[in-house]
Amino acid sequence: MRGFGKRRKGSAILLSVLLLLIAVAVIAGTFWWVRHHLPARIADTAYEVDGIILFVLSVAAIFLLLSHLYLALTLLRFRSNPKAAFVGVTRRSWFPVLAIVALLLAFDLMFDHESNKVWGKVFFRIPSDAFVVEITGEQFAWSIRYPGKDGKLGRSDVRLISDDNPLGLDKNDPASKDDIVLPAGQGELHLPLNRPVLFLIRSKDTLHSFFIPFARLKMDAVPGMTTRLWFVPTKPGRYEFTCAELCGLGHYRMRGDLVVEPMEKVQEWLRQQPTFGETVP
Ligand SMILES: [Cu+2]
């Protein structure tokens, strides 16, 4: 009997150590992964959103560690109880429960504060001098439209949509003549470096979501309305954008190339693209 008891005590200690090791390994592994495997950051918003992710992970890590520590201590404390019978709560002390709830609420308020800052910036404080691009989702590709030299997007109407006019631009609106339309899946998205870019996001059929992982931003594309999103690209290079809303069987291929380069390069590239007036006379 004595030998059996010793073995049980030994396994309780081993189990406690294992529990703590697993918790520490999971936390360390998660933070290592976040540090080394998140996509590149090409905007301030990417740093801000990653900050929120790290904050949430840190809070989760604290609670994971505390709960495992509590479990390990309980195992050690009661390891010699031969029956290991559960007796339930024997003391009416609500203090620990209240403390945990208060702590969670405090973390939640901090989280709300941080995320509201980013949310408010991205969705409400749109700079008036932003470089405008219209993005239209459809099953299963994105169309891109630039306003052209006049800086104004021409009027469009779903009833005007045809094979050679996939976005339904109004030929009679002078503002649409110089618009540059890159039809579904046929063009790259070129964005100017260090200039605010405003996306006007639309959909031709079902719900999609315009997602730029490198800016950590996404916005739903909703049929019948225009949603907005803006950010300042701060890192030149070639990236990609994609659809983040499961929209059908071809959802996986609903992506496009994204190029961030100086404004002169963007203008030069735009000059090489045919205008709407040239393609639909
Ligand atoms: Cu989609």
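Everything numeric here is computed off the predicted structure, so don't read it as measured data.

**Topic: the layout of surface pockets**
Here's step 1: Of the volumes computed, that of the second largest pocket is approximately 360 Å³.
Here's step 2: Along the wall of the second largest pocket there are 18 residues; nearest its centre are Gly148, Lys149, Ile180, Gln267 and Leu270.
Here's step 3: Listing elements by their share of the lining of the second largest pocket, those giving two or more residues are strand S1 (131-138) and helix H5 (263-271).
Here's step 4: No other element matches the 4 residues that H5 contributes to the lining of the second largest pocket.
Here's step 5: In terms of residue class, the lining of the second largest pocket is made up of 8 nonpolar, 5 polar and 5 charged.

**Notes on the domain arrangement of the protein**
Here's step 1: Split into domains, the protein comes out as domain 1 (2-79 + 93-123) and domain 2 (131-279).
Here's step 2: Measuring from the centre of the C-alpha atoms in domain 1 to the corresponding centre in domain 2 gives 41 Å.
Here's step 3: Carbon and sulfur atoms make up 66% of the surface buried where domain 1 meets domain 2, a total of about 1300 Å² over both sides.
Here's step 4: Taken together, the links from domain 1 to domain 2 amount to 1 salt bridge.
Here's step 5: Between Arg216 and Asp50 there is a salt bridge, with its nearest N and O atoms 2.7 Å apart.

**Let's talk about the coordination of the copper ion**
Here's step 1: Listed as protein donors to the copper ion are His208 (ND1), Cys243 (SG), Cys247 (SG) and Met254 (SD); their distances from the metal cover 2.1 to 2.5 Å.
Here's step 2: Taken together, the 4 donor atoms coordinating the copper ion and their angles of 92 to 126 degrees define a geometry best described as tetrahedral.
Here's step 3: Binding-site remark: the copper ion is held by donors from one chain whose sequence spacing is H-x34-C-x3-C-x6-M. Placement of His208 in strand S6 (residues 208-212) and of Met254 in the loop between strand S9 (237-243) and strand S10 (255-261) is noted, with a sequence separation of 46 residues between them.
Here's step 4: Under the relative-accessibility criterion, His208 is labelled buried at 0%.
Here's step 5: By relative accessible area, Met254 is classed as buried at 0%.

Here is what the cut-offs are and how they apply
- Residues numbered from 1 in each chain as written.
- Predicted model: local features only at pLDDT ≥ 70, side-chain atom pairs only at ≥ 80, totals over all residues.
- Heavy atoms only, no water.
- 1 Å grid on protein atoms, 1.4 Å probe; cavity = no way out; pocket = protein on both sides within 12 Å on 5 of 7 lines; lining within 4 Å.
- Points joined across faces, edges and corners; volume = space filled by probe spheres on them.
- Helix = DSSP H or I, 4+ residues; strand = E, 2+ residues; numbered from the N terminus.
- Nonpolar A, V, L, I, M, F, W, Y, C, P; charged D, E, K, R; others polar.
- Domains from an automatic or database assignment.
- Buried area = accessible area lost by both parts, 1.4 Å probe.
- Salt bridge = Lys/Arg side-chain N within 4 Å of Asp/Glu carboxyl O.
- Donors = N, O, S within 2.8 Å, 3.2 Å for Na, K, Ca; no water.
- Tetrahedral: all angles 85-135°; square planar, octahedral: opposite > 155°, others 65-115°.
- Buried < 20%, exposed > 50% of the residue type's maximum accessible area, 1.4 Å probe, protein only.

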